[in-house]
Amino acid sequence: MTTFDEILEEAGKFGPYQRRIFVMLCLSSIPFAGVYVGIVFQGFTPDHWCRDSAVVERRQACSWSLADSRRLTVPVVNVSGGLQQSSCEQYDVDWNTTTLGCDSQELDLSITPTTACKDGWEYDYKGRQSFVTEFDLVCSDAWLVDMYQATLNVGYLVGSIAIGYLADRFGRKMSFLMSNVMNGIAGILVAVAPNYVSLLVFRTLYGFGVKGGWMSGYVLITEIVGVEYRRTVGVIYQMFFSIGILILPLLAYFITDWRWLQVVITVPYILFLSYYWFIPESPRWLLSQKKKSRAVEITEAMAKENKMTLSKNIETLRDDNAESCTASFMDLIRTPKMRKHTFILSYNWFTSAVVYQGLIMRLGILGGNVYVDFLVSGLVEFPAALLILVTIERFGRRIPFASANIVAGAACFITAFIPDSMFWFKTAVACIGRLGITMAFEMVVFVNTELYPTFVRNLGVSVCSTLCDVGGIIAPFLLYRLAVIWLELPLIIFGFLAFVAGGLVLLLPETKGVPLPDTIDDIEFPETVKEKAALRSQQLADLLPSNSISTNKEPAAV
């Protein structure tokens, strides 16, 4: 009997066939970035103050500056030890009874009573529009902005479980395509939402499909390449998310309306439906579902495009999974090592989401140029990908994974106590934190796939990543509400979470060079996996002619 890993030796581990599919699926990571952190621009809260219709009329009649009318509308208040004009209160003045002319300096309102804003708000946003300015989500309604990101993660939470289950039951390709159907429909509905309640409903539906489809694509590409290429394709697949991070501020700068920005982010998902004709189903999944003929057909097409020749071993291709092919949540927690993996990976998904989203959303409340700050912080993610590729080759998965979390935690703690006067030093340390958590976030994905057997792999990744979604629900409230108390307080929380995550990672087994597990026994008794892999390699070497072995050598990992 021959396993799929053995057939890949003949068909090509990362030939033109796999590279073509890999590039296509990588493109799906780019719009995911816009969905995941688009709130920084779509929900940007600019400088704002109470609108007084009477003062606005006088400003127009008397050609007052915006500063003059603002001085006559809102009081100066003490905020965090400093004086600044209020955003949520206005002078309680009946301008119809005043005799003030066009000289705005005549009136002293310093002892005038104040009241909450009556006629809405004015925004210093230079012709731009976010959903915050459109729906007036400021002051007492500011917490509703948090709901925009929270509802997305609620959709992620439900969708990743549902689509993960469907991917294990009906295939990676089908779940990827159905997700994109939902993404296209829900994304356009978000763009045309008539009010904020409907916007949150559509945003939840949007999240339902986006993450599950992305994870299905990730699992599909890692299942059709050789073991030595898994980490490379996994890291590069996520690196395209970082490319999306760089593209997003450029789009947001030139697209001034949040609704049109939403449309641009959604259009790629509609285009991805064309992948129906270009990507295959996972042969590993087909074998786990006892669909050998279809798996053989795809493997033969793979070998043909890779210009490789298959031996008669293809006739004995089988799935090495002796257990039931129906995935169940209980499979993730029934046995001791599977239970430990599920707990530790779930916590790391949670921490990665809270810290990563928190650090990005924090850029929107620091008061600098949000487009430049976002672009610079996005550039930090590329060294993260390179560091992963270098360190996991030399040190394996566990040490770099744990170190990334610990570095992120230390950077968060240090940044919180660096004074604002040391701006560049504080920025540099914060970027190190962003680098560390980016590495941790990218590593948890492919480590997760390597620690579960084939028949439950997609469900395992989806269930663990639900804690990522819980973290995403919490992150906006944690950041925005605690920052009101002290701007740096969220960083203290982020640092603690990351330190704990790094310690737990050290309890996981090393997976460098280990074939993907096929059964739960491969997880519980990992020594048998190496023995079986060595035996299969020897059997394959005995069966193949010497010239066939020499012509089937693979290029070095990219």
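Basis of the calculations
Residues numbered from 1 in each chain as written. Predicted model: local features only at pLDDT ≥ 70, side-chain atom pairs only at ≥ 80, totals over all residues. Heavy atoms only, no water. UniProt positions renumbered as here; feature names shortened; annotations may be inferred. Axes fitted to C-alpha atoms, helices over the stretch in contact; angles between N-to-C directions. Helix = DSSP H or I, 4+ residues; strand = E, 2+ residues; numbered from the N terminus. Parallel < 35°, antiparallel > 145°, perpendicular 65-115°, else oblique. Contact = heavy atoms within 4.5 Å. Nonpolar A, V, L, I, M, F, W, Y, C, P; charged D, E, K, R; others polar. 1 Å grid on protein atoms, 1.4 Å probe; cavity = no way out; pocket = protein on both sides within 12 Å on 5 of 7 lines; lining within 4 Å. Points joined across faces, edges and corners; volume = space filled by probe spheres on them. Polar contact = N/O pair within 3.5 Å; in protein donor to acceptor, adjacent residues only side chain to side chain. Buried < 20%, exposed > 50% of the residue type's maximum accessible area, 1.4 Å probe, protein only. Disulfide = S-S within 2.5 Å. Expected span 1.5 Å × (residues − 1). Bend = angle between axes of the 7 residues up to and from the residue. Core = buried A, V, L, I, M, F, W, Y, C linked by side-chain atoms within 4.5 Å. Domains from an automatic or database assignment.

Looking at an unreviewed UniProt entry, one finds the protein named Solute carrier family 22 member 3 and attributed to Perca flavescens. As recorded by UniProt, the Sequence similarities (unreviewed entry) comment attached to the protein reads in full: "Belongs to the major facilitator (TC 2.A.1) superfamily. Organic cation transporter (TC 2.A.1.19) family."

(A) Layout of the packing of helix H1 (residues 4-11) against helix H14 (residues 292-305). Put simply, H1 and H14 touch, their axes get as near as 9 Å, and they point 25° apart. The angle between the axes of H1 and H14 places the two elements in the roughly parallel class. Of H14, the residues touching H1 (which contributes Phe-4, Ile-7, Leu-8 and Ala-11) are Thr-299, Met-302 and Ala-303. Looking at the contact of H1 with H14 residue by residue, the class counts come to six nonpolar, one polar and no charged.

(B) Region of the structure containing empty space enclosed by the protein. Summed over all chains, the structure comprises seven cavities of 30 Å³ or more. If you add up the space inside the largest cavity, you get close to 230 Å³. Around the largest cavity, the lining comprises 17 residues; the ones closest to its centre are Phe-32, Trp-214, Gln-238, Phe-241 and Phe-441. For the lining of the largest cavity, the secondary-structure elements that each account for two or more residues are helix H3 (29-37), helix H10 (196-223), helix H11 (230-254), helix H15 (336-362), helix H19 (423-450) and helix H21 (466-485). Residues that form the lining of the largest cavity fall into these classes: 11 nonpolar, two polar and four charged.

(C) How the structure looks around the side chain of Arg-457. If you trace the backbone, Arg-457 turns up in helix H20 (residues 454-464). Here the side chain of Arg-457 touches Tyr-452 through a polar contact of 3.2 Å, landing on its backbone oxygen. Discounting residues that sit within four places of it in the chain, Arg-457 has contacts with Glu-223, Thr-449, Tyr-452, Leu-516 and Pro-517.

(D) Local environment of the environment of Asp-168. Mapped onto the fold, Asp-168 is located in helix H8 (residues 143-170). On the accessibility criterion, Asp-168 (1% relative accessible area) is buried. At 2.6 Å, the side chain of Asp-168 and the side chain of Arg-172 are in polar contact.

(E) Summary view of the state of the cysteines. Scanning the entire structure with this criterion turns up two disulfides. Between Cys-50 and Cys-117 runs a disulfide, and the two sulfur atoms are separated by 1.7 Å. Its torsion about the S-S bond being -60°, the disulfide of Cys-50 and Cys-117 is classed as left-handed. Within this pair, whereas Cys-50 is found in strand S1 (residues 47-50), its partner Cys-117 is found in the loop between strand S5 (114-116) and strand S6 (121-124), the two being separated by 67 residues in sequence. We note that Cys-50, like Cys-117, is buried.

(F) Here's a closer look at the packing of H21 against helix H22 (residues 489-505). Contact pair H21 / H22: the axes reach a minimum separation of 7 Å and the direction vectors enclose 130°. When the axes of H21 and H22 are compared, the pair comes out oblique. Contact residues: H21 offers Leu-478, Leu-479, Leu-482, Ala-483 and Ile-485, while H22 offers Leu-489, Pro-490, Ile-493 and Phe-494. Of the residues contributing to the contact of H21 with H22, the split by class is nine nonpolar, no polar and no charged.

(G) A look at the side chain of Gln-90. Mapped onto the secondary structure, Gln-90 falls in strand S4 (residues 89-91). Of the polar contacts made by the side chain of Gln-90, one reaches the backbone nitrogen of Lys-118; its length is 3.1 Å.

(H) How the structure looks around H11. The terminal C-alpha atoms of H11 lie 37 Å apart, and with 25 residues this matches the ideal 36 Å at 1.5 Å per residue to within 8%. Along H11, the largest kink reaches about 25° and is centred on Ile-247; proline Pro-249 follows within four residues of it. Summarising burial for H11: 18 of the 25 residues are buried, a large majority.

(I) Looking closely at the nonpolar core. One finds Leu-25, Tyr-36, Phe-41, Phe-131, Trp-349 and Phe-374 to be the most contacted residues of the largest nonpolar core, which totals 141 residues. If you tally residues by element for this core, the top one is H15, at 13 residues. Built from parts of two domains, this core gets at least three residues from each of domain 1 (1-49 + 134-308 + 315-322) and domain 2 (329-537). In this structure Tyr-36 touches Gln-149, Leu-152, Tyr-156, Phe-241, Ala-353, Tyr-356, Gln-357, Phe-441 and Cys-468, once residues within four positions along its chain are discounted. Val-55, Leu-72, Tyr-91 and Trp-95 belong to the second-largest nonpolar core, a separate cluster that totals eight residues.

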